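Examining the three-dimensional arrangement
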Amino acid sequence: QVQLVESGGGLVQPGGSLRLSCAASGSIFSIAAMGWYRQAPGKAREFVAIITNIGSTNYADSVSGRFTISRDYATNTMYLQMNSLRPEDTATYYCNGRFVTYPSRGSARDYWGNGTLVTVSS
């Protein structure tokens, strides 16, 4: 059983910063990648950022230069540092993990947290 738990969301003013965390636990054999997605009201879930098992990162154009993804490999905790926040960043942010799990150790598949709400408003 695998669990992803996000934290750190809340209300922030435009131009402000937040740091999101995602803690992964359970029967994880290996981690191919972890990432962040977000979903605003009335919109589809969209990609935000990803970090691979060797530390390579990629960002959506809308957040590039403002957000930074990182990971603590010892604790399987992922972070998203969000700076220069805009009202358009308002969304529920979801933690995603591409894991190979016990006991089958098959191909990696995606697991999701329940999300943490970020509201950017004055």
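Residues numbered from 1 in each chain as written. Predicted model: local features only at pLDDT ≥ 70, side-chain atom pairs only at ≥ 80, totals over all residues. Heavy atoms only, no water.

**Concerning the nonpolar core**
In terms of nonpolar packing, the biggest core is built from 29 residues, with Met 34, Trp 36, Leu 80, Met 82 and Tyr 93 touching the most fellow members. When residues of this core are traced back to their parent elements, those giving at least two are strand E3 (18–26), strand E4 (28–39), strand E5 (46–52), strand E7 (67–72), strand E8 (77–82), strand E9 (91–101) and strand E11 (116–120). (Core = buried A, V, L, I, M, F, W, Y, C linked by side-chain atoms within 4.5 Å. Buried < 20%, exposed > 50% of the residue type's maximum accessible area, 1.4 Å probe, protein only. Helix = DSSP H or I, 4+ residues; strand = E, 2+ residues; numbered from the N terminus.)

**A word on the environment of Gly 106**
In this fold, Gly 106 is placed in the loop between E9 and strand E10 (109–112). For Gly 106, a relative accessible area of 38% puts it in the partly exposed group. Separated by 95 residues in the primary sequence, Gly 106 and Leu 11 place their C-alpha atoms 40 Å from one another.

**Quick notes on unusual backbone geometry**
In this structure, Pro 103 follows Tyr 102 across a cis peptide bond, with omega equal to -5 degrees. Inspection of the secondary structure assignment puts Pro 103 in the loop between E9 and E10. A positive phi is found at Asn 76, a non-glycine position, where the angle reads about 55 degrees. With respect to the helices and strands, the residue Asn 76 is situated in the loop between E7 and E8.

**Brief notes about the sheet that holds strand E1 (residues 2–7)**
Reading across from one edge, E1-E3-E8-E7 is the order of the four strands in this open sheet, with antiparallel pairing throughout. This sheet does not close on itself; its edge strands, each paired only once, are E1 and E7. Sheet twist, expressed as the average angle between the axes of neighbouring strands with direction ignored, equals 15 degrees. Sheet topology note: the E7/E8 ladder contains six bridges and is antiparallel. Counted as the bridge partner of Arg 71 is Met 78 from E8. (Pairing = 2+ DSSP bridges. Axes fitted to C-alpha atoms, helices over the stretch in contact; angles between N-to-C directions.)

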